[in-house]
Amino acid sequence: MRHHAISTLLAIGLLALAGCAGKSAVKPATDNAPAASAVGSGQTSGDASGTATTGATGEGGVAAAAQAETGIIYFDFDSSEIRPEFVDVVASQARRIRGNASVRVRLEGHTDERGSREYNIGLGERRAQSVRRALLLQGVAEAQLATVSYGEERPAVAGSGEEAWAKNRRVEIVYLN
Amino acid sequence: MYQAMMRRLTGLLVATALAGALLPGVARAELQIDITQGVSDPIAIAVVPFARAVPADGGLDVAAVVQRDLESSGRFRAMARGSMLAQPTRTADVQISDWRAAGNDYVVVGRVLATGNAELQIECELLNALNGQQLGSRRYTATAATLRNAAHQLSDFVYEQIIGTRGAFATRIAYISVDGQPPAQRFQLIVADADGENPRIVLASRLPIMSPAWSPDGQWLAYVSFENNVSAVYVQQVRSGERRRVSARTGVNGAPAWSPDGQTLALTLSGSGGNLDIYLLELATQKLTRITADDAIDTEPAWSRDGRELYFTSDRAGGPQIYRLEVAAPQRVQRVSFGAAYNARPRISPDGRLLAYVTREGAAYRIAVQETAGSARVLTRGSLDESPSFAPNGMTLIYAGRQGGQGTLATVSIDGQVTQRLKSDQGEVREPVWGPFATP
């Protein structure tokens, strides 16, 4: 009995140590720790709200100025074409970004929830690339633009139906500084 | 006796404290299985309560686990304990005519014994109620910690003896659990027993986790994590938590799929150009081989059983369809899905004969199966069904669906007769993936 209790403790201890292994290059995430994303505590990664208006930390002139305007472009179902009503949004975002060579933005592509998740990553990427091309054409430097596709994984609104879906098919222009 | 008990209690308390502080936490989202539909003519079985070894068995009622497993398969109807006039634990004590008269086709009796040194032994016999003959017997050794798994192995034994196919009760699943509302959602990758018990958090993140995939030996999970606001593919050893980021290239890193020999991941990359294609990544050497090279979205690779072919989703024909190519000659691509305008997310059954995928019927997304060169049978009836995954015995598919606006998991048997829903008591669950048979 005593032998058992000790060996159980040892086993649990070893397991615990292994679970927090310093051996691995990346710490295993646990329920207590935030995801291994936080390289620097100022980064958006852990707590990004995913809306263009809040940008990264919300500090600094450019991000504040960006908050004055919605950097979100919406798309039709199964399409990555920029609709006419968003041409002005893209143009004014391009002006803002190219106006300051140190500005960095991330174009985040999204889809609605329908269909297969990894295929939707592809559709979201197409949308992000579509906006990226439009911005490049309007004089933004490549180095200023990063893209990511979230597919259907980060909806703006929960729920199903045409109204929710339309609000989720989008690219958000997120200011990183 | 008292002293021994007190030492045990102290040991347990300390162990619990350690577990709480240092081990990955028990998941919040617990799954509950409902049966929604079984076969029309289930087999009647009496799983008689076993002789118990209290407190060594940790309070686990082995016969109850077995009964629940068999009933949840949809192919058995178990006798209620309250109706049992006697509860024999040995074959010699079974009056078989009584059990037959009560309508049973089979009877299971057994015993859990403490054998000292913290070991337990389960012994059981399966009897044919028609003639009293013993169909088989089993003995399992376990500890209190592994007793539940031993009970599931017992269920597998009973199932296989009667149904003739290997059971999958002693297996595990992984899935993604999501808490909260956009934009502040939290994501967890969870591993649990196939019946939803014992959930454990493998990874927690404030950014999405997707596409979990079990290695063929059941020791590792590959997955996609967006934890740095970019997608990257990781492999993580489930038992230790050891984790390696295996692809963090510019652009999309997605859809990891383990080759049958466990040495290679097929995955999706886009590079900076944004066009998704399929690659092979040799894990030991990091050698990367390009498999598709076209303007379409090519993604969601799935290996054939012999590792010679890849099935995948491509929209090269305008909308997503399933294609197949030979790894050794990847330019030879053949379309394998037809009929619907949207077919995606292929998975191959363990015996290599069936293809499961997501198909669109009207406005609804459902799970279909077909023989690899045959016509589709739609198995499900939801509006947003997705992520099918085969059980290792090939009899059942687990998949994700929606119920009352919430993401839930569900299973359907390959013949369509048995369905289950697995609900979480909190939040949404999605992307289930069924692990392999445990290596003995």
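Conventions we followed
Residues numbered from 1 in each chain as written. Chains lettered and ligands numbered in written order. Predicted model: local features only at pLDDT ≥ 70, side-chain atom pairs only at ≥ 80, totals over all residues. Helix = DSSP H or I, 4+ residues; strand = E, 2+ residues; numbered from the N terminus. Buried ≥ 20, exposed ≤ 12 C-beta atoms within 10 Å, placed from the backbone. Pairing = 2+ DSSP bridges. Right-handed = clockwise from strand over helix to strand, strands pointing away. Axes fitted to C-alpha atoms, helices over the stretch in contact; angles between N-to-C directions. pLDDT = per-residue confidence, 0-100. Contact = placed C-beta atoms within 7 Å. Parallel < 35°, antiparallel > 145°, perpendicular 65-115°, else oblique. Left-handed = near helix turned anticlockwise from the far one by under 90°. Nonpolar A, V, L, I, M, F, W, Y, C, P; charged D, E, K, R; others polar.

**Remarks on the environment of B:Ala329**
Okay, step 1: Among the structural elements, B:Ala329 can be located in strand E21 (residues 329-335).
Okay, step 2: Placed 21 residues apart in sequence, B:Ala329 and B:Arg308 show a C-alpha to C-alpha distance of 9.7 Å.

**Digging into the pairing of strand E3 (residues 145-151) of chain A**
Within a regular strand, the side chains alternate between the two sheet faces.
Residue and element names in this part refer to chain A.
Okay, step 1: Among the seven residues that make up E3, five are buried, leaving the element largely enclosed by the rest of the structure.
Okay, step 2: Two strands pair when backbone bridges link them, and strand E2 (residues 105-110) and E3 are joined in this way by six bridges, in the parallel orientation. What sits directly across from Arg106, in E3, is Ala146.
Okay, step 3: This β-α-β element, E2 to helix H4 (residues 117-137) to E3, shows right-handed connectivity.

**Topic: the sheet that holds strand E4 (residues 170-175) of chain A**
Within a beta sheet, neighbouring strands are joined by backbone hydrogen bonds and run either parallel or antiparallel to one another.
Residue and element names in this part refer to chain A.
Okay, step 1: Here four strands make up an open sheet; going across it, the order is E1-E4-E2-E3 and the pairing mixed. Each having just a single partner strand, strand E1 (72-74) and E3 make up the two edges of the open sheet. On average, each strand axis in the sheet is tilted by 15° relative to the strand beside it, whichever way the strands run.
Okay, step 2: As paired strands, E1 and E4 are joined by three bridges and run antiparallel to one another.

**Side note on helix H2 (residues 62-72) of chain B**
Residues and elements named next belong to chain B.
Okay, step 1: Taking burial as the measure, the 11 residues of H2 include eight buried ones, the bulk of the element.
Okay, step 2: Taken as a whole, H2 has its buried residues at Val62, Ala63, Val65, Val66, Gln67, Asp69, Leu70 and Ser72.
Okay, step 3: Note on H2: the residue one or two positions beyond its end, Gly74, has a positive phi of about 80°.

**Regarding the confidence of the model for chain A**
Residue and element names in this part refer to chain A.
Okay, step 1: For chain A, per-residue confidence averages 73 on the pLDDT scale, and residues scoring 70 or more make up 60% of the total.
Okay, step 2: Looking across chain A, the model is least confident in helix H1 (residues 2-19), with a mean pLDDT of 43, and most confident in H4, with 98.
Okay, step 3: When the criterion is pLDDT under 50, residues 1-68 qualifies, and its contacts beyond four places in sequence or with other chains add up to 121 contacts.

**Side note on unusual backbone geometry**
All names here are of chain B.
Okay, step 1: Going from Val54 to Pro55, the amide bond is cis rather than trans, its omega being 0°.
Okay, step 2: Positionally, Pro55 belongs in the loop between strand E2 (43-47) and H2.
Okay, step 3: Following Pro182, the chain continues into Pro183 via a peptide bond in cis, with omega recorded as 5°.
Okay, step 4: With respect to the helices, strands and loops of the structure, Pro183 is situated in the loop between strand E7 (172-179) and strand E8 (186-193).
Okay, step 5: Phi at Ala118 is positive, roughly 60°, even though this residue is not glycine.

**Focus: the sheet that holds strand E22 (residues 343-348) of chain B**
Okay, step 1: The strand order across the open sheet formed by four strands is E22-E23-E24-E25 (chain B), and the pairing between neighbours is antiparallel. Strands at the two margins of the open sheet, each flanked by one partner only, are E22 and strand E25 (377-378) of chain B.

**What about the packing of helix H3 (residues 87-98) of chain A against H4(A)?**
Residue and element names in this part refer to chain A.
Okay, step 1: One can describe the packing of H3 onto H4 by two numbers: an axis separation of 9 Å at closest approach and a directional angle of 60°. Between H3 and H4, the crossing angle belongs to the class labelled oblique. Of the two elements, H3 crosses H4, and the hand of that crossing is right-handed. Residues Val90, Gln93, Ala94 and Ile97 of H3 form the contact with H4, whose own contacting residues are Val131, Ala134 and Leu135.
Okay, step 2: The residue inventory of the contact of H3 with H4, partitioned by class, reads six nonpolar, one polar and no charged.

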